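Working through the structure, step by step
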Amino acid sequence: KAGVTQTPRYLIKTRGQQVTLSCSPISGHRSVSWYQQTPGQGLQFLFEYFSETQRNKGNFPGRFSGRQFSNSRSEMNVSTLELGDSALYLCASSPVTGNEKLFFGSGTQLSVL
Amino acid sequence: GENVEQHPSTLSVQEGDSAVIKCTYSDSASNYFPWYKQELGKRPQLIIDIRSNVGEKKDQRIAVTLNKTAKHFSLHITETQPEDSAVYFCAASILTGGGNKLTFGTGTQLKVEL
């Protein structure tokens, strides 16, 4: 089975722009979660989608949003980018919601200039 | 919400020695505690996990212990090898049908020296 695939691998944007990141889960996995990883804060939960519905949301501003499609692929969007949004964005999938085994993708490294 | 503290932030050991990483959590309802290993430039990978109904779990050279009363859990790596060098993250979660949400510690950079 192919692992969790995230695209693009790297992104460079400027302040004020918006960005969309993509995540394809492992085949058969229906839950997709997003995490932000920064050197100082570690991994912080953004949100989780299951069956196209947001199940959980972390403490991030409304500029961060996401969605999930019927094939379980997910996208997250960040609008009005700020310098502090520079981070590695990790996507993780699991077979069902509430299942403990998370499988992470390699992430999208976002740099905001 | 849940808060997870992890110590130490860096740990250097000699090859063959043991390494211990400790985490504390704040929400007594948390019932699932995984540990992830992240090598430089790679994705986090689950290495071991424990549920709150178990006090200890072992898998070859790694083990995790949980003290629910004190709300802390630890990762133990014995006979460390250079390939154990990585960042280790602990996490806590409340497993329900209501979704996946892991709260992570800030990570421990483990360096195994020859």
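Within each chain, residues carry numbers counting from 1 in the order of the written sequence. Labels follow written order: the first chain is A, the first ligand is 1, and so on. Where local features are concerned, this predicted model is filtered to residues with pLDDT of at least 70; where side-chain atom pairs are given and counted, the filter is 80 or more; whole-chain, interface and lining totals use all residues. With hydrogens and water excluded, all non-hydrogen atoms of the structure serve as input to the side-chain values.

**Quick notes on unusual backbone geometry**
All names here are of chain A. Omega for the peptide link from threonine 7 to proline 8 comes to -10°, which places this bond in the cis form. Going along the chain from the N terminus, every DSSP run of H or I of four or more residues is numbered as a helix, and every run of E of two or more is numbered as a strand. Mapped onto the secondary structure, proline 8 falls in the loop between strand 1 (5–7) and strand 2 (10–13). For serine 72, which is not a glycine, the phi torsion comes out positive at approximately 75°. Think of it in three bands: with a 1.4 Å probe and only protein chains considered, a residue is buried below 20% of the maximum accessible area for its type, exposed above 50%, and partly exposed in between. Residue classification places serine 72 among the buried positions, given a relative accessible area of 12%. Unusually for a residue other than glycine, threonine 80 sits at a positive phi of about 45°. Inspection of the secondary structure puts threonine 80 in the loop between strand 8 (74–78) and strand 9 (87–94).

**Some remarks on the sheet that holds strand 3 (residues 19–24) of chain A**
Paired through their backbone hydrogen bonds, the strands of a sheet run either parallel or antiparallel. All names here are of chain A. If DSSP finds at least two bridges between two strands, the strands pair. On the basis of which strands lie adjacent, the open sheet formed by 4 strands has the order 1-3-8-7 and antiparallel pairing. What marks the edges here is a single partner per strand, and that holds for strand 1 and strand 7 (64–68). With strand direction ignored, the average angle separating the axes of adjacent strands in the sheet is 20°. Here the axes come from fitting lines to C-alpha atoms, over the contacting stretch only for helices, and the angles between their N-to-C directions go from 0 to 180 degrees.

**Some thoughts on the interface of chain A and chain B**
Residue-level contacts link 28 residues of chain A with 20 residues of chain B. Once two parts are brought into contact, the accessible area they lose, counted with a 1.4 Å probe and summed over both, makes up the buried area. Summing both partners gives a buried area of about 1900 Å² for chain A against chain B, and 47% of it is carried by carbon and sulfur. Polar contacts here mean pairs of N or O atoms no more than 3.5 Å apart (in protein, one a potential hydrogen donor and the other a potential acceptor; neighbouring residues in sequence count only if both atoms are side-chain atoms). Connecting chain A to chain B are 5 residue pairs in polar contact (both at pLDDT 80 or more). The set of elements that each furnish at least two residues to the side of chain A that touches chain B consists of strand 4 (31–38), strand 5 (42–50), strand 6 (53–57) and strand 9 of chain A. Residues that form the side of chain A that touches chain B fall into these classes: 9 nonpolar, 13 polar and 6 charged. Two residues form a contact once any of their heavy atoms are found within 4.5 Å. Side-chain classes are defined by residue name, with Ala, Val, Leu, Ile, Met, Phe, Trp, Tyr, Cys and Pro counting as nonpolar, Asp, Glu, Lys and Arg as charged, and the others, Gly among them, as polar.

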